[in-house]
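Report on the structure
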Amino acid sequence: MKWALIGCSNIAREWVYDAINAVGDSVEYIVSSDLARASAFAAEHNIPNPTDDLLVALRDPDVTAVYISTKNHLHCSQALSAIAYNKHVMCEKPIALTADDAYQMLMAAQQQNVVLAVNHHLRNAASIKKIREIIKSGIIGQILTVSLRHAVYLPESLRGWRIHDKENGGGVILDITVHDADTLRFILDDDPVSVSAMAQSGTLSNGDIPESVMGIMRFKSGILVNFYDSFTAKYAQTGLDIIGTEGSIIAKDIMTQNPRGEIYLVNQDGCNPITIHHENLYENSFRQFKDAVQHGQAPAASSEDGQWSLTIGLAVNEAACSGKTVTVAIKE
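Overview of the structure.

Conventions adopted
Residues numbered from 1 in each chain as written. Predicted model: local features only at pLDDT ≥ 70, side-chain atom pairs only at ≥ 80, totals over all residues. Heavy atoms only, no water. Helix = DSSP H or I, 4+ residues; strand = E, 2+ residues; numbered from the N terminus. Expected span 1.5 Å × (residues − 1). Buried < 20%, exposed > 50% of the residue type's maximum accessible area, 1.4 Å probe, protein only. Contact = heavy atoms within 4.5 Å. Pairing = 2+ DSSP bridges.

Observations regarding helix 6 (residues 126-137)
Look at helix 6: 16 Å from first C-alpha to last across 12 residues, which is about the 16 Å you get at 1.5 Å a residue. By the burial criterion, the buried members of helix 6 are A126, S127, I128, I131, I134 and I135. Its buried side turned inward, helix 6 meets strand 7 (143-151), helix 8 (172-188), strand 11 (239-244), strand 12 (248-252) and strand 13 (262-267).

Structure follows, in structure tokens:
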């Protein structure tokens, strides 16, 4: 397939361009509102067509799909434009900023019969897939509680709109908590019904945007999940602990773009490491996307998955602002 990248983002530069090539596809266009930036990106990656006009890329009949990694508030309009030109879309999270916009994107993709997927990379990690496999095996029994830590230190190069532009999707919740939501739904095969949360701000930003958030989700099955996400944790390590009636899973350093981390199974036999054959998360994601386009299979994270993670993120934000428990209700 031939791709157009929309947005000269770090993730496109560091991960996605190589992943597209690794699965046998090619990038034909790089689109940015800043032509000089697009041209520099194109020169760095040998992309033949830099442009500041999205329609130039969308009107090219040879372009099969687009990858969108612009600022969050642009995702909906750019995806709808691509869908209107019958392009398949891989969109960065969050899929949109409102439930109505996400629903509009889903409906448009269904009507045009194109694949709309969301790049929730963590469900493509060998570690996360192994945890899902262990849970499904029943070896740790009924899941009771989960503790998730996705606290990082935001690099200075990323401290732009993420910590200064709340209206257009900045803040830790729509950047990190949405990944938690998708990962939890994937490993538990369950959906949350309510959330409570509190947020911190003022360390990196001017104090009006959530930089850290801590909360609790209740799932349909009754599972309780506590989560902690942060932009300001310099020396924290991500992790995921799952407690069941017959054992526990302890996972360290797994909520990351890099294919790494450790998993331990704790039960009557003691604490034993689980073998993981790590894989490139993004190559897995784009390989599944390609299969979805060419063979009708499901992408790793569908538009419905993206809609769910956004809905949960919005509920967490509402809970943090209001101090109340908020019901999670998907728009249908």
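The discussion continues.
Here's the deal with the pairing of strand 10 (residues 224-230)
Pairing of strand 7 with strand 10 involves 7 bridges; the strand directions are parallel. Pairing of T145 across the sheet is with L224, part of strand 10. Strand direction decides the pairing type here: strand 9 (residues 212-219) and strand 10, joined by 7 bridges, are antiparallel. Counted as the bridge partner of R218 is L224 from strand 10.

Some remarks on the side chain of N284
Relative to the helices and strands, N284 is located in helix 9 (residues 281-295). With relative accessibility at 11%, the residue N284 sits in the buried group. Contacts of N284, omitting those with residues within four sequence positions, involve N124, K129 and E279.

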